[in-house]
Amino acid sequence: MDKREFLKTSGAFLAGTMLSSLASGEQTSGRTNWSGNYTYSTDRLYQPQTIEEVQHVVKSCNKLRALGARHSFNGIADSTDNQISLTHLNQMALNREAGTVTVGGGVTYSELAPYLDGQGFALHNLASLPHISVPGAIATATHGSGNKNGNLATAVTGLEVVTADGKVLVLSRGQDGDRFLGAVVNLGAIGIVTKVTLAVQPAFQVSQVVYENLSMDQLEHHLEEVFAGGYSVSLFTDWQNHRIGQVWVKRRVAGGTAPKFAPELLGATLATRRLHPIPGHSAESCTEQLGIPGPWYERLPHFRINSTPSSGAELQSEYLIPRERGYEAILAVEQLRDHVTPHLFISEIRTVERDDLWMSTAYQRPSMAIHFTWKPEWPAVKDVLPMIEEKLAPFDARPHWGKLFTMAPSRIKPLYSQLPNYQELLAHFDPQGKFRNRFVNTNIYGA
């Protein structure tokens, strides 16, 4: 054997040994997502510790999907062949001069937020749950709330991606134009995101209160007023009795002085005790209320970083519609209350600012999101979802990419004017469809 053949054979052997070790020792049979409603279809899970190892994994696999914090409720992260988790890529580096932070592909917001706050910085917003991974959240256009707050992906200024050929691609908002706009909310289909750079701002404090029992009649002429009443506002309802059970209002603390909250909000009364969004549940896991100021990351989410949220097993669905038609959409869903409520824990209604990211659910329209946290009763929920989707069809409702929906691809695809350009982007970076799975093939390429 000559030297060239020896090196080639040795390299292949070493790469194969490394990949085998990355995938071995994992009791992955029966792995599920966060809520336990979805079981992944492969027992091959790679957990590389360096970007070089990520490149080796990508080059060795014909099919591969990235697995984040497992908080998606559908098969968007699933694979029948191979999955890769970047849990070990957990570096965080703040650039004070640029006003950015760059994080590894395994970092969660619950890790990032305290780090940033300790350095005197903050993100513009957080989702209800801080336990989700940064790449997973941006890939699915996951969001927080606020009329002027874009979803979490809008903070992205740069991406590092390992593409199908194993090469490292670096994209930035400032230099890559349309390619960047198509790559941020990527549905996991452009490659394996190994680093994300996010815009940050000086740390701030927030006060949060809850109002109880707001009549839906008040929303007809005051919907915009209600959502403009805070930096972030959420409405919770079970769709019964034509009322919003709770209004969570979060306001930024300006000049060191805590904001004042009126004792009533359009007839709703200020709560004098901490509340959980689901009536009757302990508020122990919820972020502080009662107007007590605290760090941004301890108020913007609904649930505390060091607590396990919710009541256990659950399902989630969500649809984003144009904000100017919000009240009409609320009334449309309310007509289904007797079908919805028996299987529902709670619904949340929020607003999201428009953005320019091609596959974002808020692309080019200020949006209102209608969210459903369901009991773990999938057969019943599966029957209710088409009813909700039919009611919301006149509003061009876009389903959240990481949650449960039953809309046909023929209805989803026209909702995204940049879909043909997105398909071209995927074809360029992944011509053989290495990162496609059933979810992508159905919803992006299906008839």
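To start, this report covers the structure provided alongside it.

Here is what the cut-offs are and how they apply
Residues numbered from 1 in each chain as written. Predicted model: local features only at pLDDT ≥ 70, side-chain atom pairs only at ≥ 80, totals over all residues. Heavy atoms only, no water. Helix = DSSP H or I, 4+ residues; strand = E, 2+ residues; numbered from the N terminus. Rg over C-alpha atoms; globule rule 2.2 N^0.38 Å. Buried < 20%, exposed > 50% of the residue type's maximum accessible area, 1.4 Å probe, protein only. Salt bridge = Lys/Arg side-chain N within 4 Å of Asp/Glu carboxyl O. Axes fitted to C-alpha atoms, helices over the stretch in contact; angles between N-to-C directions. Parallel < 35°, antiparallel > 145°, perpendicular 65-115°, else oblique. Left-handed = near helix turned anticlockwise from the far one by under 90°. Contact = heavy atoms within 4.5 Å. Nonpolar A, V, L, I, M, F, W, Y, C, P; charged D, E, K, R; others polar. Pairing = 2+ DSSP bridges. Arc of directions from axis to C-beta. Phe/Tyr/Trp six-rings, centres within 6.5 Å; stacked < 30°, edge-to-face > 60°. Expected span 1.5 Å × (residues − 1).

A count of helices and strands for the protein chain gives twelve helices and 20 strands. Here the C-alpha radius of gyration of the protein chain, 22 Å, is about what a compact globule of 447 residues would show, namely 22 Å. Considering only C-alpha atoms, the protein chain reaches an extent of 85 × 50 × 40 Å along its principal axes. Counting every position in the protein chain, which comprises 447 residues, the buried fraction comes to 57%.

The next subject is the pattern of salt bridges. On inspection of all chains with the given rule, the structure shows eleven salt bridges. Residue Glu 328 is joined to Arg 325 by a salt bridge in which the shortest nitrogen-to-oxygen separation is 3.2 Å. Within this structure, Glu 318, Glu 348, Arg 350 and Lys 403 form a network of salt bridges that share partners.

Take Asp 217: it is sitting in the loop between strand S11 (205-215) and helix H6 (219-227). The class for Asp 217 is partly exposed, based on a relative accessible area of 47%.

With that out of the way, let us pick up the packing of H6 against helix H7 (residues 326-334). Between H6 and H7, the least distance of the axes is 9 Å, while the angle of their chain directions is 120°. Here H6 is positioned oblique relative to H7, judged by the angle of their axes. The interaxial crossing formed by H6 with H7 has right-handed handedness. From H6, Leu 219, Glu 220 and Leu 223 reach across to H7, where they touch Gly 326, Tyr 327 and Ile 330. Among the residues forming the contact of H6 with H7, the class breakdown is four nonpolar, one polar and one charged.

Note: strands within a sheet are paired through backbone hydrogen bonds, in either parallel or antiparallel orientation. With parallel pairing, the three strands of this open sheet are ordered in space as S1-S3-S2. Strands with a single pairing partner mark the edges of an open sheet, and in this sheet they are strand S1 (45-46) and strand S2 (65-67).

With that settled, the discussion passes to unusual backbone geometry. Despite not being glycine, Arg 70 shows a phi value in the positive range, around 65°. Phi is positive for Leu 266, close to 50°, though the residue is something other than glycine. Under the relative-accessibility criterion, Leu 266 is labelled partly exposed at 23%.

Another point: helix H11 (residues 419-429). The α-helix advances 3.6 residues per turn, and as a result positions three or four apart in sequence lie on the same side. Every buried residue of H11 is listed here: Leu 419, Tyr 422, Leu 425, Leu 426 and Phe 429. Taken end-on, H11 shows its buried residues confined to a sector of 110°, consistent with a single buried face. Residues of H11 that are exposed and point more than 90 degrees away from the buried face comprise Glu 424 and His 428.

Quick look at the sheet that holds strand S9 (residues 192-199) now. Across the sheet, five strands lie side by side as S4-S5-S9-S7-S8; this open sheet has antiparallel pairing. Looking at which strands have only one partner, the edges of the open sheet turn out to be strand S4 (92-95) and strand S8 (168-172). In this sheet, adjacent strand axes meet at a mean angle of 15° when their direction is disregarded. As paired strands, strand S7 (residues 156-162) and S9 are joined by six bridges and run antiparallel to one another. Each residue of the ladder has a partner; that of Val 161, found in S9, is Val 193. Along the sheet, helix H3 (residues 109-118) contacts S4, strand S5 (100-104) and S9; its crossing angle with S4, the most-contacted strand, is approximately 40°.

Right, let's get into the environment of His 221. By the element assignment, His 221 lies in helix H6. Residue His 221 is classed as exposed on the basis of its relative accessible area, which comes to 65%.

Turning our eyes to something else, we now look at the packing of aromatic side chains. In this structure the tally under the stated criterion is twelve aromatic pairs. Each ring, one from Trp 34 and one from Phe 73, has its centre 6.2 Å from the other, and the planes form 85°; the classification is edge-to-face. A residue pair is termed long-range when its members are at least 10 positions apart, and Trp 34 in the loop between helix H1 (3-23) and S1 and Phe 73 in the loop between S2 and strand S3 (83-85) qualify at 39 residues. On the basis of relative accessible area, Phe 73 is assigned to the buried category, the value being 1%. For the pair Trp 401 and Tyr 416, a centre-to-centre distance of 5.3 Å together with 35° between the ring planes defines the contact as tilted. One end of the pair, Trp 401, is in the loop between strand S20 (398-399) and helix H10 (409-412); the other, Tyr 416, is in the loop between H10 and H11, with 15 residues separating them in the sequence. Of the two residues examined, Trp 401 and Tyr 416, each falls in the buried class.

Another point: helix H9 (residues 378-392). The end-to-end C-alpha distance of H9, which contains 15 residues, comes to 20 Å, matching closely the 21 Å that a straight helix rising 1.5 Å per residue would cover. Every buried residue of H9 is accounted for by Val 381, Val 384, Leu 385, Ile 388, Glu 389 and Leu 392. Lining the buried residues of H9 we find strand S17 (315-322), H7, helix H8 (337-340), strand S19 (367-374) and H10.

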